[in-house]
Amino acid sequence: MMRSLWTAASGMTSQQLNVDTISNNIANVNTTGYKKERLEFQSLLYQTMSRATLDENDTGRPVNLQVGHGVRPVVSSRIFTNGSVERTDNPLDFYLQGDGFFVVERGEDDIVYTKDGSFKLSLNGDELSLVTSEGYAILDTDGEPITLPQNVSMADVTVDSLGNITYIDEDGESQDLGVRFNIVQFPNVQGLEAIGNNFYTVTAASGEAVQESEGETTTVSSIIQNCLEMSNVNVANEMVDLIIAQRAYELNSKAIQTSDDMLQQASNLKR
């Protein structure tokens with residue numbers, strides 16, 4: 001009966017983490033570019049009380065007699081499907097459709113990646129730099145911060161689907177800025193590490209970033225200006241998952257109570 005106590009306790013611990021994950025998804029339902037998480041579980045070790053055997057006469061036990069020792073969470077995977085599109089009519093908002101990520105420079109040799117295309121302009125000397133809400137620079141395909149002439153209005157700036165930037169000068173002529181958004185993909189996107197603020201960083205599991213502009217990716221992402229990618233969290237599905245996790249937690253709690261009652265019954269036999 002002690003086995004059942006620890007088994008049910010592992011189920012309660014796992015379901016608590018499951019509820020934490022679901023709660024985080026629901027909390028980020030309005031977070032730009034957020035990708036929902038899903039917790040995955042594995043069973044713990046099994047104790048084999050009797051093995052399946054066959055003798056020379058092909059008789060014996062056809063199946064094993066085993067009892068498990070509970071469950072443990074092993075993976076917190078992210079679903080990187082695109083979220084819905086929200087039109088903002090803000091020329092500094094960009095929806096990145098596809099598997100690509102924007103490249104952000106947080107500091108020297110500190111490069112991170114994001115799906116959040118809600119950018120801002122920051123005054124940098126005689127130029128305007130395209131930055132995130134925290135002021136981090138957005139990089140082009142040459143690894144340099146994207147800048148605009150100071151006298152250019154953002155309303156006159158156009159970004160095509162590949163990330164090439166053009167603007168209308170003072171004479172009303174269309175000018176190519178000569179820069180392009182650096183959009184990258186990863187060999188194993190599930191290996192990326194989320195570090196908060198809508199940023200991801202590379203790991204040994206994710207592999208190094210591959211530029212789409214170099215033609216080494218099988219697909220090419222598309223940038224849509226004046227729009228943002230919303231979270232891909234489905235609130236209805238999350239509520240269903242939350243109810244299931246809550247009920248599983250309650251059942252594991254009930255199993256502990258039942259095991260405790262059985263131990264109490266056994267301890268009372270000597271009276």
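What you see as residue numbers is a count from 1 along each chain, following the sequence as written. The predicted origin of the model limits local features to residues at a pLDDT of at least 70 and limits the giving and counting of side-chain atom pairs to 80 or more, whereas totals for whole chains, interfaces and linings rest on all residues. Only hydrogens and water are set aside when side-chain values are computed; all heavy atoms of the structure are taken into account.

A. Highlighting the nonpolar core. With 24 residues, the main nonpolar core has F102, I165, F181 and I223 as its most contacted residues. Sorting the residues of this core by element identifies strand 6 (94-97), strand 7 (101-107), strand 10 (127-131), strand 13 (157-159), strand 14 (164-168) and strand 15 (174-180) as the ones contributing at least two each. To define a nonpolar core, start from buried Ala, Val, Leu, Ile, Met, Phe, Trp, Tyr and Cys residues and group those joined through side-chain atoms within 4.5 Å. Whether a residue is buried, partly exposed or exposed follows from its accessible area with a 1.4 Å probe, protein chains only, as a fraction of its type maximum: under 20%, in between, or over 50%, in that order. One finds F80, V103, Y113 and F186 within the second-largest nonpolar core, a separate group that totals 9 residues. Put simply, DSSP marks the helices as runs of H or I at least four residues long and the strands as runs of E at least two long, and each gets a number from the N terminus on.

B. Summary view of the environment of L228. Inspection of the secondary structure puts L228 in strand 21 (residues 227-229). What makes L228 buried here is its relative accessible area of 9%. Considered as a pair, L228 and T88 are 140 residues apart in the sequence and their alpha carbons are 7.1 Å apart. Any two residues whose heavy atoms approach within 4.5 Å at even a single point are treated as in contact. Contacts of L228, omitting those with residues within four sequence positions, involve T32, S84, V85, E86, T88, D93, F94, Y95, G117 and S118.

C. Here's a closer look at the sheet that holds strand 13. As summarised here, the arrangement of the 3 strands in space is 13-14-15, forming an open sheet in which the pairing is antiparallel. The strands lining the two open edges of the sheet, one partner per strand, are strand 13 and strand 15. Strand-to-strand twist across the sheet, computed as the mean angle between neighbouring axes with direction ignored, equals 25 degrees. Whether two strands pair depends on DSSP finding at least two bridges between them. For helices, the fitted line uses only the C-alpha atoms of the stretch in contact; every axis is such a line through C-alpha atoms, and the angle between N-to-C directions lies from 0 to 180 degrees.

D. Highlighting the packing of helix 1 (residues 2-27) against helix 2 (residues 235-267). Contact geometry for helix 1 and helix 2: axes closest at 8 Å, N-to-C directions at 160 degrees. Relative to helix 2, the element helix 1 lies roughly antiparallel. Crossing of helix 1 against helix 2: the hand is left-handed. Broken down by class, the residue content of the contact of helix 1 with helix 2 amounts to 16 nonpolar, 10 polar and 3 charged. Between 65 and 115 degrees an angle is taken as roughly perpendicular, under 35 as roughly parallel, over 145 as roughly antiparallel, and anywhere else as oblique. Crossings are classed by handedness, with left-handed meaning an anticlockwise turn of the near helix from the far one by less than a right angle and right-handed meaning a clockwise turn. Asp, Glu, Lys and Arg are counted as charged, while Ala, Val, Leu, Ile, Met, Phe, Trp, Tyr, Cys and Pro are counted as nonpolar; the rest, among them Gly, fall into the polar class.

E. Fine view of the pairing of strand 10. Most of strand 10 sits inside the fold, with 4 of its 5 residues counted as buried. Sheet topology places strand 9 (residues 120-124) next to strand 10; 5 bridges connect them, and they run antiparallel. Residue pairing for strand 10: S122 is matched across the bridge by S129. Counting the residues in the hairpin turn of strand 9 and strand 10 gives 2 residues, including G125, whose phi is positive at 70 degrees.

F. Structural detail: the pattern of salt bridges. Salt-bridge detection follows one rule: a side-chain nitrogen of Lys or Arg within 4 Å of a carboxyl oxygen of Asp or Glu. Here the structure, examined in full by the defined rule, presents 7 salt bridges. A salt bridge links K35 to E229; its shortest N-O distance comes to 2.3 Å. With a gap of 194 residues between them, K35 in the loop between helix 1 and strand 1 (37-43) and E229 in strand 21 connect regions that are remote in the sequence. Of the residues examined, K35 reaches a relative accessible area of 0% and is grouped as buried. With a closest N to O distance of 2.9 Å, R87 and D89 form a salt bridge. The exposure class of R87 is exposed, given its relative accessible area of 56%. Relative accessible area serves as the criterion here: at 53%, D89 is assigned to the exposed category.

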